[in-house]
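# Structural description and commentary
Spelled out, the chains give:
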Amino acid sequence: MADSSRYSALCIPNKRYTLELYLCTDSKVNSKSIYMQDSTKRARGRPRAYNRAAALKAITSLFWRHGFSATSLDDISAATSMSRPSLYQAFGSKADMYQQAFAGFVQRMATATSAALDVSESPDVALVNFFHAIMDIYFDEDSAVGCFVFCTTVAETGNHPEFQNALHAVIEKLDAALSEYFQNAQHANLIRAESDVQALATLTQGLLQHIAIRARAGDSKEELLKRVKSGLSAILDYHCSNSLSEPGS
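This write-up is about the structure you can find in this document. For every chain, the first residue of the written sequence is number 1, and numbering continues from 1 along that sequence. Residues qualify for local features only when their pLDDT is at least 70, as the model is predicted, and side-chain atom pairs are given and counted only at 80 or more; totals for whole chains, interfaces and linings, by contrast, use all residues. Side-chain numbers here rest on the full set of heavy atoms in the structure, without hydrogens or water.

Another point: helix α1 (residues 52–66). For the purposes of this entry, the term helix denotes a DSSP run of H or I that reaches at least four residues, the term strand denotes a run of E that reaches at least two, and both are numbered from the N terminus. Helix span, expected: 1.5 Å multiplied by one less than the number of residues in the helix. Compared with an ideal rise of 1.5 Å per residue, which puts 15 residues at 21 Å, α1 spans 21 Å between its outermost C-alpha atoms and is within 8% of the ideal. Restricting attention to buried positions, one finds in α1 the residues Ala55, Leu56, Ala58, Ile59, Thr60, Leu62, Phe63 and Trp64. Any pair of residues with heavy atoms lying within 4.5 Å of one another is described as a contacting pair. Where the residues of α1 are buried, they touch α2 (73–80), α3 (84–91), α4 (94–113), α5 (123–138), α6 (148–153) and α8 (197–217). With a side-chain oxygen positioned 3.1 Å from the backbone nitrogen of Ala53, the residue opening α1 is Asn51. With its phi angle positive at about 85°, Gly67 sits one or two positions after the end of α1. Any residue under 20% of the maximum accessible area for its type is buried, any over 50% is exposed, and the rest in between are partly exposed; the area is computed with a 1.4 Å probe on protein chains only. Pairs of N or O atoms within 3.5 Å make up the polar contacts considered here, provided that, within protein, one atom can donate a hydrogen while the other can accept it, and that residues adjacent in sequence are counted only when both atoms are side-chain atoms.

Dropping the structure here:
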């Protein structure tokens, strides 16, 4: 083999192995002279251990703050202290990582709000509790970043049909959950019998999306709570006997 001290290395990755091309740096030797060494013969080190939950949390935070397109694999690698090959092995492609972050956020929201929609409470109290649980998540980061779903996914649906499908599924499930709540409230005589529960669910989800965007835009939690109470009052005043407290009370 040639004297490697007179050559500089250039590593070219391959799916199965890496070839190292050693380019001659000695002016006395033909500048086009190269030799190759198969790196598969070198001893492999033990893979670095990682905490999957912590890594996914870091990935979620990046996508939540910057969106899918503006978050690079280098950003993710730096935030997780994992190399690109390790990231691919653990989570798949960048789109796969986003979908896992998306799914984790949706599950977190479902867990946080599941107990709030309780017909043992009047609709005004139950729905304020529902929005409180959501806003606790919107403001959980160092600064308000709004909703992962409504604030980062919409812009990507044109280029990623799988993101569009996931977004549509969330909207449908949220509509179904709210419709079920209003139907149960109706059966408990908390909502007028003639009220359209699907329309109430649609209006409530519209208020939620409004709050999500305003949180992203920088509104404070206190200001958003006032808007929640005003919005719910407009939705519920005719449909239930209990009215909301005045905003700010």
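The calculated volume of the largest pocket comes to roughly 470 Å³. Contributing elements (two or more residues each) for the lining of the largest pocket: α4, α5, α6 and α7 (161–187). A 1.4 Å probe that fits into a set of points on a 1 Å grid over the protein atoms alone but cannot get out defines a cavity; an open set with protein on both sides within 12 Å along at least five of seven lines defines a pocket, and lining residues are those with an atom within 4 Å of a point. Grid points are joined across faces, edges and corners, and a volume is the space filled by probe spheres set on the points.

What makes a salt bridge here is a side-chain nitrogen of Lys or Arg within 4 Å of a carboxyl oxygen of Asp or Glu, nothing more. Taken as a whole, this structure holds seven salt bridges when the rule is applied. Its salt-bridge partner being Asp74, residue Arg84 comes within 3.1 Å of it at the nearest N-O pair. Of this pair, Arg84 sits in helix α3 while Asp74 sits in helix α2, and the two are 10 residues apart along the sequence. On the basis of relative accessibility, which here comes to 49%, the residue Asp74 falls in the partly exposed class. Between Arg227 and Asp219 there is a salt bridge, with the nearest N and O atoms lying 3.8 Å from each other. Among the ionic contacts, a cluster of salt bridges with common partners joins Arg214, Asp219, Glu223 and Arg227.

These figures come from the coordinates and say nothing about function on their own.
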